[in-house]
Amino acid sequence: MSILVIKFFMSKSFKTFLKHTAKDFHNQSVNPPVVRASTIIFKSLQDIRKTQAKAKKNPIGGHYDYGRQGTSTTYILQKILTKLEESYHVFTTPTGFGSVFLAIISIVRPGDEIIISDPVYSPTRVLTEKFLKEFNIKTTFYNPYDLKSISQNITKKTKLIYVENPGSNSFEFQDLGKIIKIAKKNKIITAIDNTWATPYYFKPIKFGFDMSIVSATKYYSGHSDVMGGSLAVNRKVFNKVKVAEKMTGLRLGPDDAYLITRGLRTLDVRLDRHSENTKRIVEFLSKFKKIKLLYPHKKNSFNFKMWKKYYSGASGLMGLKIKSKNKNSIRKFVNSLKLFGHGYSWGGFESLALHQEVVETGKRKYVNLDKDEHLVRLHIGLEDSSDLIADIKQALKHLK
Ligand SMILES: Cc1ncc(COP(=O)(O)O)c(C=O)c1O
């Protein structure tokens, strides 16, 4: 089996690890093969039993008797991500939202309660507030800038505190240390959606979260051509997630796993460039009084302080809050951008721009737009930043 001859290069720096790991010395290829399988075949019935016994002894993975459990291709990705996350294990799912669902469904049962940050990714809000309500699971939302609202919502039934940082589209940075303290004091399990930063800039499991979600569709894959999700866990929740993973069948396929592994080779290089480009664009845009930048850049702001305290870098997704009575001029501004495509998702090599309608941010309790305020979301890609600035400059002429 090829897994036996795949070397997991260990180095102190994961930048080097990502470049050198998972070479296939059997096939003499720099990258591991894509092993596609529904049936996993064995030479004898005894071999099947032996593999099953090994899987029971070592539930972390690497032993399969059926394709739904993955193949060496998915296992390699899981091993790389486990090292990157510094976690006990990483589960991989067919979409990022699959990881959101898996994290939540592993922990809560009918009658339980969840507390979630108000500016959460809107499908996560709909999942908890509406869909899980049908299963008698109650969700309350807390104010990201007033963490007393977490303590106030805790009851005996609270099983999960779910954080997304920064807030989806509105980019609030929270005091993560305080959240962990509250959760530990009350013995409540914690999960965070860490897609914006990835473990390159912040490692939630090491910090104290029990679960960490990343949509691999974004920076992990980095090329806008594949979907996937990862759910990193600590030892405490591993068994619960393992059972839920088995019961839901939420597992990533080998072709997608291969593409995400390939994307990861350059994760650090791409994120450094996204970050550098975004800094230049933030500098340029900060001259415009009409525009409030939703990015951790203003040194005396709460968002900056919280980002600086917990993160080692900032990625390329940012928001512009624009005050204008002329909604059409906002649309004109976005439509006039020539180097920014218009479409959902982010984290790829190319720049994107969207005018966010309020419904897309979800019906929030605490964090909403005021009258005549508009949100434009920019994903800053890997193009030459001078070209991007020139493009934004010409489009801004339409803003009234
Ligand atoms: C913060 C965040 N989490 C999760 C998801 C869901 O990921 P996916 O689109 O891969 O299902 C998204 C998608 O946009 C997201 O922005």
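A. Geometry of the overall build of the protein chain. When you go through the protein chain residue by residue, the secondary structure sums to 15 helices and 13 strands. In terms of overall dimensions, the protein chain has a C-alpha envelope of 75 × 55 × 35 Å along the principal axes. Put simply, the protein chain has 400 residues, and 44% of those count as buried. Residue pairs at least 24 apart in sequence account for 73% of intrachain contacts in the protein chain once pairs closer than 6 positions are excluded.

B. The site of the ligand, seen in detail. Among the 13 residues in the neighbourhood of the ligand, the closest are listed as Thr95, Gly96, Phe97, Ser215 and Thr217. If one sorts the elements of the shell around the ligand by residue count, helix H4 (residues 96-107) sits on top with three residues. Of the residues contributing to the shell around the ligand, the split by class is four nonpolar, eight polar and one charged.

C. Spotlight on the packing of helix H3 (residues 72-85) against helix H11 (residues 254-264). Close contact between H3 and H11 brings their axes to 8 Å; oriented N to C, the two are set at 35°. Seen along the crossing, H3 lies across H11 with a hand that is left-handed. The residues of H11 that touch H3, namely those facing Thr73, Thr74, Ile76, Leu77 and Ile80, are Pro254, Ala257, Tyr258, Ile260, Thr261 and Leu264.

D. Structural detail: the pairing of strand E3 (residues 89-93). With five of five residues buried, E3 lies mostly within the body of the structure. The pairing of E3 with strand E9 (residues 229-233) spans five bridges and is antiparallel. Paired with histidine 89 across the two strands is valine 233, which belongs to E9.

E. Highlighting the nonpolar core. Ranked by internal contacts, the top residues of the largest apolar core, which has 65 residues, are Leu102, Ile104, Leu160, Met211 and Leu231. In terms of residue count, the dominant contributor to this core is H4 (seven residues). Other than its neighbours up to four places away in sequence, leucine 102 contacts Phe91, Thr93, Leu231, Val241, Ala244, Glu245, Thr248 and Leu250. Phe202, Leu337, Phe340 and Trp346 belong to the second largest nonpolar core, which has 31 residues in total.

F. Geometry of helix H10 (residues 235-248). When the terminal C-alpha atoms of H10 are compared, their 20 Å separation across 14 residues agrees well with the 20 Å that a helix rising 1.5 Å per residue should span. Contacts made by the buried residues of H10 are with E3, H4, strand E7 (189-193), strand E8 (211-215) and E9. Positive phi shows up at glycine 249, right after H10, with a value of about 65°.

G. Just the sheet that holds strand E12 (residues 352-356), in detail. Judged by pairing direction, the sheet is antiparallel, and its four strands sit side by side in the order E10-E11-E13-E12 without closing on themselves. Looking at the sheet topology across the chains shown, the edges are occupied by strand E10 (291-294) and E12. Across the sheet, the mean angle separating the axes of adjacent strands is 20° when strand polarity is ignored. Here strand E11 (residues 317-323) runs beside strand E13 (residues 373-379); their pairing, made up of seven bridges, is antiparallel. Its bridge partner lying in E13, leucine 320 is registered against valine 376.

H. Layout of the pairing of E11. Where burial is concerned, most of E11 is hidden: five out of the seven residues are buried. One ladder, built from four bridges, connects E10 with E11; its direction is antiparallel. Within E11, the residue paired with leucine 293 across the bridge is leucine 320.

I. Structural detail: helix H5 (residues 122-131). Among all positions in H5, only Thr124, Arg125, Leu127 and Thr128 are buried. Each buried residue of H5 sits inside an arc of 160° when the element is viewed along its axis, so together they form one side. The outward face of H5, more than 90 degrees from its buried face, is lined by the exposed residues Lys130 and Phe131.

Conventions used here
- Residues numbered from 1 in each chain as written.
- Predicted model: local features only at pLDDT ≥ 70, side-chain atom pairs only at ≥ 80, totals over all residues.
- Helix = DSSP H or I, 4+ residues; strand = E, 2+ residues; numbered from the N terminus.
- Buried ≥ 20, exposed ≤ 12 C-beta atoms within 10 Å, placed from the backbone.
- Contact = placed C-beta atoms within 7 Å.
- Near = placed C-beta within 6 Å.
- Nonpolar A, V, L, I, M, F, W, Y, C, P; charged D, E, K, R; others polar.
- Axes fitted to C-alpha atoms, helices over the stretch in contact; angles between N-to-C directions.
- Left-handed = near helix turned anticlockwise from the far one by under 90°.
- Pairing = 2+ DSSP bridges.
- Core = buried A, V, L, I, M, F, W, Y, C linked by C-beta atoms within 7 Å.
- Expected span 1.5 Å × (residues − 1).
- Arc of directions from axis to C-beta.

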